[in-house]
Amino acid sequence: MDGIMGAVDTAVTSPWFYLVLFAVAAIDGFFPVVPSESMVITAGVYAASGTPELVPVVVLAALGAFTGDHVSYLVGRRAGGRLVRGLRPGTRRDAAFGWARRTMAERGGLILVVARYVPGGRTAVTVTMGAVGYRLRSFSLFAALAAVSWGLYGALLGYVGGVAFEDDPLKGVAVGLGLALSVTAAVEGVRFARRRRRAPAGAGEVLEREPVGRVGPLSGG
């Protein structure tokens with residue numbers, strides 16, 4: 001265990017850590033198997049003792065998340081056009097696509113911000129927003145809000161754990177991750193309850209498509 005903690009200490013206190021943090025947060029935006037949240041929380045724990053510094057951790061985590069969300073959005077934007085051309089009017093898939101367009105037009109920004117706290121969910125949402133042609137300017141605004149709030153959330157969770165267990169960073173990381181899991185479970189519980197109360201037709205399908213013509217707030221960037 002001492003060897004593992006020594007390796008973590010060396011990695012987190014390295015001047016290269018900031019660059020790695022940015023890269024991991026960015027990759028997690030379009031390839032959601034990279035543990036970016038765990039890394040941000042760990043950085044917050046160590047920031048309680050001064051290295052790395054808390055503000056750069058928040059800034060670089062947010063910038064990485066913002067960048068990754070835009071990569072995911074552009075993937076959806078590019079792939080969606082081809083998929084839309086294959087949709088036949090009146091089919092279930094066409095109805096699901098129409099539902100997604102209407103939903104994103106009405107409350108896409110809120111969905112994007114909430115989805116940032118759902119592992120894997122944020123990628124599905126950002127790809128879908130690109131696929132349905134959500135306005136890029138609006139997407140960037142809400143992506144920035146989501147990224148900054150997420151960076152603050154993860155770093156401060158870790159910082160609280162680091163302050164509480166200053167002499168035992170491992171416990172600090174455990175506390176931070178435990179709090180993060182609790183928040184995720186709460187969000188998932190609320191989403192599950194809302195789905196059971198109103199399950200709109202087609203809402204359960206995973207979207208694979210993208211813009212047709214530009215409609216209202218779904219106009220391009």
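Quick caveat: nothing in here was measured; it's all calculated off a predicted structure.

**Points about the overall build of the protein chain**
Secondary structure assignment for the protein chain yields eight helices and zero strands. Listing every helix and strand of the protein chain by position from the N terminus yields α-α-α-α-α-α-α-α. The burial tally for the protein chain puts 41% of its 221 residues in the buried class. At a minimum sequence separation of 6, the contacts of the protein chain that also span at least 24 residues come to 81%. Total accessible area on the protein chain stands at roughly 11,400 Å², and carbon and sulfur atoms take up 67% of it.

**Regarding the packing of helix 2 (residues 17–30) against helix 6 (residues 121–131)**
Viewed as axis vectors pointing N to C, helix 2 and helix 6 meet at an angle of 65°, and their least axial separation amounts to 7 Å. Where helix 2 approaches helix 6, its residues Asp 28, Gly 29 and Phe 30 are matched on the opposing element by Arg 122, Thr 123 and Thr 126.

**Things to note about helix 3 (residues 36–47)**
A rise of 1.5 Å per residue sets the reference length of helix 3, with its 12 residues, at 16 Å; its end C-alpha atoms lie 16 Å apart and thus fit the reference within 8%. Here helix 3 lies mainly inside the structure; 10 of its 12 residues are buried. Those residues of helix 3 that fall on the buried side of the exposure criterion are Ser 36, Glu 37, Val 40, Ile 41, Thr 42, Ala 43, Gly 44, Val 45, Tyr 46 and Ala 47.

**Some remarks on the confidence of the model for the protein chain**
Scored by pLDDT, the protein chain has a mean of 77; 63% of the residues are at 70 or more. Mean pLDDT across the elements of the protein chain ranges from a minimum in helix 1 (residues 2–12), with 61, to a maximum in helix 2, with 93.

**Quick word on the packing of aromatic side chains**
Throughout the structure, instances matching the rule amount to two aromatic pairs. Between Arg 116 and the ring centre of Trp 150, over which it is positioned, the NZ or CZ distance is 4.9 Å.

**So, helix 2**
Residues lying three or four places apart along an α-helix face the same way, a consequence of the helix completing one turn every 3.6 residues. Given a rise of 1.5 Å per residue, 14 residues ought to cover 20 Å, and the 21 Å separating the end C-alpha atoms of helix 2 matches this to within 8%. Along helix 2, the positions that sit buried rather than exposed are Phe 17, Leu 21, Val 24, Ala 25, Ala 26, Asp 28 and Gly 29.

**Here we look at the pattern of salt bridges**
One pass over the structure, following the stated rule, counts three salt bridges. Salt-bridge contacts for Asp 28 lead to Arg 122; the nearest nitrogen and oxygen are separated by 2.5 Å. Within this pair, whereas Asp 28 is found in helix 2, its partner Arg 122 is found in helix 6, the two being separated by 94 residues in sequence. For the pair shown, Asp 28 and Arg 122 are each scored as buried.

**Side note on the nonpolar core**
If you look at the biggest cluster of nonpolar residues, it comprises 19 residues, and the most contacted ones within it are Leu 21, Val 40 and Trp 150. Listing elements by their share of this core, those giving two or more residues are helix 2, helix 3, helix 4 (54–85) and helix 7 (136–164). Core analysis: the next-biggest nonpolar cluster, separate from the first, contains 11 residues, Leu 112, Ala 115, Val 132 and Phe 139 among them.

Rules used throughout
Residues numbered from 1 in each chain as written. Predicted model: local features only at pLDDT ≥ 70, side-chain atom pairs only at ≥ 80, totals over all residues. Heavy atoms only, no water. Helix = DSSP H or I, 4+ residues; strand = E, 2+ residues; numbered from the N terminus. Buried < 20%, exposed > 50% of the residue type's maximum accessible area, 1.4 Å probe, protein only. Contact = heavy atoms within 4.5 Å. Areas by Shrake-Rupley, 256 points an atom, 1.4 Å probe, with all protein chains shown as cover. Axes fitted to C-alpha atoms, helices over the stretch in contact; angles between N-to-C directions. Expected span 1.5 Å × (residues − 1). pLDDT = per-residue confidence, 0-100. Phe/Tyr/Trp six-rings, centres within 6.5 Å; stacked < 30°, edge-to-face > 60°. Lys NZ or Arg CZ within 6 Å of the ring centre and 35° of its normal. Salt bridge = Lys/Arg side-chain N within 4 Å of Asp/Glu carboxyl O. Core = buried A, V, L, I, M, F, W, Y, C linked by side-chain atoms within 4.5 Å.

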